[in-house]
Amino acid sequence: MAARPRLHYPNGRGRMESVRWLLAAAGVEFDEEFLETREQLEKLQDGDHLLFQQVPMVEIDGMKLVQTRSILHYIAEKHQLFGRDLKERTLIDMYTEGTLDLLEPIIMHPFLKPEYQPKEVLHMAQKAIVRYFPVFEKVLKGHGQNFLVGNQLSLADVILLQTILALEEKIPNVLASFPFLQEYSVKLCNIPTIKRFLEPGSKKKPPPDDVYLRTVYNVFMP
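Definitions and cut-offs
Each residue is numbered by its place in its chain's sequence as written, counting from 1. It should be noted that, the model being predicted, local features are given only for residues of pLDDT at least 70 and side-chain atom pairs only at 80 or more, the latter also being counted only at that level, while totals for whole chains, interfaces and linings use all residues. Hydrogens and water molecules were not included; the side-chain quantities draw on all heavy atoms of the structure. UniProt positions are given in the numbering used here, feature names are shortened, and annotations may be inferred rather than shown by experiment. Runs of E in the DSSP output that reach at least two residues are strands. Runs of H or I that reach at least four are helices, and both are numbered from the N terminus. DSSP calls a pair of strands paired once it identifies at least 2 bridges connecting them. Axis angles are defined between N-to-C directions and span 0 to 180 degrees, where every axis is a line fitted to C-alpha atoms and, for a helix, only to the segment in contact. Working definition of a nonpolar core: buried Ala, Val, Leu, Ile, Met, Phe, Trp, Tyr and Cys residues. They are joined through side-chain atoms within 4.5 Å. Buried residues are those whose accessible area, probed at 1.4 Å on protein chains only, stays under 20% of the maximum for their type, while exposed residues exceed 50% and partly exposed ones sit between those limits. The domain limits used here are those given by an automatic or database domain assignment. Contacts are assigned to residue pairs that have any heavy atoms within 4.5 Å of one another.

For the chain, an unreviewed UniProt entry supplies the name glutathione transferase and the organism Octodon degus. Regarding the chain, the UniProt comment filed under Sequence similarities (unreviewed entry) reads as follows: "Belongs to the GST superfamily. Alpha family."

Draft legend 1. Layout of the UniProt feature "domain: GST C-terminal" (unreviewed entry) in the chain. In the numbering used here, UniProt assigns the "domain: GST C-terminal" (unreviewed entry) feature to residues 85-208. Helix makes up 68% of residues 85-208 and strand 0%, whereas the separation of the span's terminal C-alpha atoms amounts to 38 Å.

Draft legend 2. Looking closely at the sheet that holds strand 2 (residues 31-34). Read from one edge of the open sheet, four strands run 2-1-3-4, paired in mixed fashion. Since the sheet does not close on itself, it has two edges, and those belong to strand 2 and strand 4 (63-66), each with one partner. Averaged over neighbouring strand pairs, the angle between their axes works out to 20 degrees when direction is ignored. Across four bridges, the pairing between strand 3 (residues 57-60) and strand 4 is antiparallel. If you follow Val 58 over to strand 4, its bridge partner there is Leu 65.

Draft legend 3. View of the pairing of strand 2. Alignment of strand 1 (residues 6-9) against strand 2, held across four bridges, turns out to be parallel. Considered in strand 2, the bridge of Arg 6 is made with Asp 31.

Draft legend 4. Here's a closer look at the nonpolar core. By size, the foremost hydrophobic cluster in this structure holds 72 residues, and its most contacted members are Val 19, Phe 133, Leu 148, Leu 167 and Leu 181. Looking at this core, the element that brings in the most residues is helix 6 (residues 155-170), giving 10 residues. Two domains each provide a minimum of three residues to this core, namely domain 1 (6-79 + 198-220) and domain 2 (86-190). Those residues in contact with Val 19, other than ones at most four positions away along the chain, are Leu 7, Val 58, Ile 71, Leu 72 and Ile 75.

Draft legend 5. Spotlight on unusual backbone geometry. The omega torsion of the bond from Val 55 to Pro 56 falls at 15 degrees, within 30 degrees of zero and hence cis. For Pro 56, the location among the structural elements is in the loop between helix 2 (38-46) and strand 3. A positive phi is found at Gln 67, a non-glycine position, where the angle reads about 75 degrees. Mapping Gln 67 onto the fold places it in the loop between strand 4 and helix 3 (68-78). The exposure class assigned to Gln 67 is partly exposed, which follows from its relative accessible area of 34%. In this structure, Asn 151 is a non-glycine residue whose phi angle is positive, near 50 degrees.

Below, the structure is given as structure tokens:
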């Protein structure tokens, strides 16, 4: 029996949360090695486990994968979540890259000074509503299918749903003008593997709190 993937990262969302989402959507059980101290990170670095001296790092299939997008591509390809041909893979990649651009400021938001955070929420809402969500609304309306590409679940769907739900934590009505995305989000949330991941007690991480922020500073700040 193959070993379960092992994820190396602090106990919080960050850039590893997309990996957790994708593994969960694929129905893959995984283990986690939480980084809590600078010494743990240095041990990985000194042991030649981190190709570019940084996490996220995922041990899977005898490899130590780094770079979030590379990790996501490998998992998606392995579990048939990356399209059926080159055209579908390219669409999935474009949609995913765009969504990750929107997700990045959500990841970084808790690390801003408190006085800057409300303004950044407004900026994120504007980006989502003006630049990103209209694209996906048009795609879903245009082909009338349940998923973004090929009428089957893909990496692009998983990352978009993760981003939508993270935004809704800060801006509950962010999908108010996008009926197709609203319906799409509900359908994805009811896929059995995703539904389990959204239930209490799963390995989905809660919104960042002060404990997580302190841990990140302890691990990554020299």
